[in-house]
Amino acid sequence: MKRFPVLILILISLAMPAAAKPAVGYSIAPVGEMGANGSFGALNLAFMVSMESSVHAGDIELSVNLSPYGRVFQGADLRISTPLFAVTDHPFNTLFPNTMMWAPKLSVGALFRMPDDWNVTIGLSPFAFHDTNYVFEFFSPYILYSITHDKWGWGMYVVRFSYFFGEGGR
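**Some words on the overall build of the protein chain**
Tallying secondary structure elements over the protein chain gives one helix and ten strands in all. Reading the helices (α) and strands (β) of the protein chain from amino to carboxyl end gives α-β-β-β-β-β-β-β-β-β-β. For the protein chain, buried positions account for 44% of its 170 residues. Considering only residue pairs separated by 6 or more positions, the protein chain has 55% of its internal contacts joining residues 24 or more positions apart.

Written out as structure tokens, the structure reads:
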């Protein structure tokens, strides 16, 4: 448990050198996972900082998970993500009315799930697209490792919408 704050500091510091055009935003997505404490589902609400908003490299996300069933607050997440590549000429252009950049993202993070479950995650968003201030992600799986219970699990964001404010996204 003593290594957990060090992991958070390392994740944040990795994103700092990429700061060129930062932008802030929010994200909303339903999330589901199968972890050490069984199945889990909630609405994920996130505050995001994009260190390089033109390609969303070094995005830092702090989110809470809220559920209408039982306990409202289900946990919190801290993640950092970056695209693996970014292209504008791709086979998915016909799905959008505007030109969208296809930029599959890789993320790493730390999660806390109620009542007392600490996890680390690695995620992939193979269908991540962005346009000026918007990011759309579809079918984004992640694996998680429960430090508390020494077990592996998995989760997925089926659809995720993010919006970044101001001129930083342009």
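**Description of the pattern of salt bridges**
Scanning all chains against the criterion turns up five salt bridges. Here Lys-105 and Glu-137 are joined by a salt bridge, their closest N and O atoms 3.3 Å apart. Of this pair, Lys-105 sits in strand 6 (residues 105-113) while Glu-137 sits in strand 9 (residues 134-146), placing them 32 residues apart in sequence. Residue classification places Lys-105 among the buried residues on the basis of a relative accessible area of 7%.

**Here we look at the pairing of strand 1 (residues 23-35)**
Only one face of strand 1 is covered, namely the one carrying Ala-23, Gly-25, Ser-27, Ala-29, Val-31, Glu-33 and Gly-35; the face carrying Val-24, Tyr-26, Ile-28, Pro-30, Gly-32 and Met-34 has none of its residues buried. Pairing of strand 1 with strand 2 (residues 38-52), which is carried by 13 bridges, proceeds in the antiparallel orientation. Residue pairing for strand 2: Ser-27 is matched across the bridge by Ala-46. Connecting strand 1 to the next strand, strand 2, in antiparallel fashion are two residues. By the bridge criterion, eight bridges tie strand 1 to strand 10 (residues 151-164) in an arrangement that is antiparallel. By the bridge assignment for strand 10, Ile-28 is matched with Phe-161.

About the cut-offs
All residue numbers refer to positions counted from 1 along the written sequence of the respective chain. For a predicted model such as this one, the threshold for reporting local features is a pLDDT of at least 70, and the threshold for listing and counting side-chain atom pairs is 80 or more; totals across whole chains, interfaces and linings nevertheless cover every residue. The basis for the side-chain values is all heavy atoms of the structure; hydrogens and waters are excluded. Only runs of H or I of at least four residues qualify as helices and only runs of E of at least two qualify as strands under DSSP, and these elements are numbered from the N terminus. With a 1.4 Å probe rolled over the protein chains alone, any residue whose accessible area is under 20% of its type maximum counts as buried; one over 50% counts as exposed, and the rest are partly exposed. Contact criterion: two residues are considered in contact whenever any of their non-hydrogen atoms come within 4.5 Å of each other. The salt bridge criterion pairs a side-chain nitrogen of Lys or Arg with a carboxyl oxygen of Asp or Glu, the two atoms within 4 Å. Any two strands with at least two DSSP-identified bridges between them are counted as paired.

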